[in-house]
Amino acid sequence: MTQPKPNDPDAAAPSPQPTRTPNDPDPAAPSPQPTRRRAPSMSPEARRAMIVHVTLPLVAEYGAAVKTSQIAAAAGIGEATIFRVFKDKDELLEACIAEALRPDNVVEAIRAIPLEISLHDRLHEAAAAMEAHMDRMGRVLGAMHASGFRSGPRNRSDAPGQPHQRDDASGQPRERDDASGQPRERDEASGQPRERGGRVAGIAATRAALAELFAPEQPALRLPADQLAGVLLDLLFARSRRPDAGSEPICVASLIELFLHGAFDQAKLPAEFQGGA
């Protein structure tokens, strides 16, 4: 093969090399890694709420035996972060109990039910929301009770020189109401102390939200909407307790049918009850 002569004009000229300015990046240098931005910090209140939200299903499964390492892993945080917003594990468990008992979520769910749908559908949605609330409350409190956790300040003592009052059934010290000095009642299902004021207020708020669902039909109702809401609440609470554990509880849909239309099948209504009797 003939090599081109050094002065041959037809020889290919070498490609010109691009000139780099001092500000141009070095092509041989490794590409810079993207800067990781830290997630915005949460307020202590928001962090507490997030940790409680994550802890609730763990408490329902493990009760007081849940480990803070499990909670931290589920929340995607360091274990030390828990103790920046909670004094100790007991305080976190108390917060979980308080959250499980709060009626706010179920009240909001009931108030969000549209009044344009039928009364039957309104009450069915409300009953389903109530059922979910009571189920979560029962699972959390039941797991805590089964694991030996008792709500309220630990190592509570009576006045100096006075012996602890003991519960006749359990032999455990009775917890006293700070205002009245009387032993605090305990919930029959969970064994946890009943917070009378908060519990009464929560039931009243739920009852008021249920009463609003009857508003469009008020002229045709036999009783005021508030009374009907109270009756429906009693039925739902009774269903959730199920003292006869051996029998299948009535389903929500059948309960609403029974509440709205009574015990009789309208197609088989006895003559004595026909005509609005």
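Here, the structure is the one placed above.
These notes cover the structure that comes with them. Everything numeric here is computed off the predicted structure, so don't read it as measured data. (Residues numbered from 1 in each chain as written. Predicted model: local features only at pLDDT ≥ 70, side-chain atom pairs only at ≥ 80, totals over all residues. Heavy atoms only, no water.)

Remarks on the overall build of the protein chain
Of the regular secondary structure elements, the protein chain holds nine helices and zero strands. Shown N-terminal to C-terminal, the secondary structure of the protein chain runs as helices and strands in the order α-α-α-α-α-α-α-α-α. Taken across its 277 residues, the protein chain has 27% of its residues classed as buried. By sequence separation, contacts in the protein chain at least 24 residues apart represent 58% of the contacts at least 6 residues apart. Carbon together with sulfur atoms contributes 54% to the accessible area of the protein chain, which is approximately 18,900 Å² in total. (Helix = DSSP H or I, 4+ residues; strand = E, 2+ residues; numbered from the N terminus. Buried < 20%, exposed > 50% of the residue type's maximum accessible area, 1.4 Å probe, protein only. Contact = heavy atoms within 4.5 Å. Areas by Shrake-Rupley, 256 points an atom, 1.4 Å probe, with all protein chains shown as cover.)

Quick look at the packing of helix α4 (residues 89-101) against helix α6 (residues 119-146)
One way to put it is that α4 packs onto α6 with a least axis distance of 9 Å and a crossing angle of 155°. Between α4 and α6, the angle is such that the two are roughly antiparallel. Helix-helix and strand crossings are classified by hand; for α4 and α6 the assignment is left-handed. Within the contact between the two elements, α4 uses Leu-93, Ile-97, Glu-99, Ala-100 and Leu-101 and α6 uses His-133, Arg-136, Met-137, Val-140, Leu-141 and Met-144. Taken together, the residues of the contact of α4 with α6 sort by class into eight nonpolar, one polar and two charged. (Axes fitted to C-alpha atoms, helices over the stretch in contact; angles between N-to-C directions. Parallel < 35°, antiparallel > 145°, perpendicular 65-115°, else oblique. Left-handed = near helix turned anticlockwise from the far one by under 90°. Nonpolar A, V, L, I, M, F, W, Y, C, P; charged D, E, K, R; others polar.)

Some remarks on the environment of Gln-70
Looking at where Gln-70 falls in the secondary structure, it is placed in helix α2 (residues 68-75). In the structure, Gln-70 is positioned 12 residues away from Leu-58 in sequence and 8.2 Å away in space, judged by C-alpha atoms. Ignoring anything within four residues of it in the chain, the contact list for Gln-70 reads Leu-58, Tyr-62 and Ala-65.

Description of the packing of α6 against helix α8 (residues 225-241)
Packed helix pairs are characterised by how far apart their axes lie and by the angle those axes make with each other. One can describe the packing of α6 onto α8 by two numbers: an axis separation of 11 Å at closest approach and a directional angle of 40°. When the interaxial angle is binned, α6 and α8 end up oblique. Seen from above, α6 lies across α8 with right-handed handedness. Touching Leu-123, Ala-127, Met-130, Glu-131 and Met-134 of α6 are Leu-232, Leu-233, Leu-236, Phe-237, Arg-239 and Ser-240, all from α8. Classifying every residue of the contact of α6 with α8 by side-chain character gives eight nonpolar, one polar and two charged.

A short note on the side chain of Thr-81
When you line up the elements, Thr-81 lands in helix α3 (residues 79-85). Relative accessible area serves as the criterion here: at 11%, Thr-81 is assigned to the buried category. With residues up to four places along the chain from it excluded, the contact list for Thr-81 reads Arg-47 and Ile-51.

Here's the deal with the environment of Ile-203
Its place among the elements puts Ile-203 in helix α7 (residues 196-213). As a C-alpha pair, Ile-203 and Val-107 span 96 residues in sequence and 9.6 Å in three-dimensional space.

A look at the pattern of salt bridges
Counting across every chain of the model gives seven salt bridges. Of the charged contacts, one joins Arg-111 and Glu-212 as a salt bridge, the two residues approaching to 3.9 Å between their closest N and O atoms. Of the two residues, Arg-111 sits in helix α5 (residues 104-111) while Glu-212 sits in helix α7, which places them 101 residues apart along the sequence. Assessed through its relative accessible area of 49%, Arg-111 is described here as partly exposed. (Salt bridge = Lys/Arg side-chain N within 4 Å of Asp/Glu carboxyl O.)

Concerning α5
Among the residues of α5, Val-106, Val-107 and Ile-110 are the ones counted as buried. Taken down its axis, α5 places every buried residue within 100° of arc, on the same side. (Arc of directions from axis to C-beta.)

Quick look at helix α9 (residues 252-261)
Because an α-helix completes one turn every 3.6 residues, residues spaced three or four positions apart along the sequence face the same direction. Restricting attention to buried positions, one finds in α9 the residues Val-252, Leu-255, Ile-256 and Phe-259. With its buried residues spanning 95° around the axis, α9 presents them on a single face. Lining the buried residues of α9 we find α6 and α8. Positioned one or two residues after α9, Gly-262 has a phi angle of 85°, which is positive.

Remarks on the side chain of Arg-122
Relative to the assigned elements, Arg-122 resides in helix α6. Overall, Arg-122 belongs to the buried group, its relative accessible area being 2%. Each residue touching Arg-122, except ones within four places of it in the same chain, is listed here: Ile-113, Pro-114, Leu-115, Ile-117, Leu-213, Pro-216 and Glu-217.

Take it as geometry only, folks, not as evidence of what the structure does.
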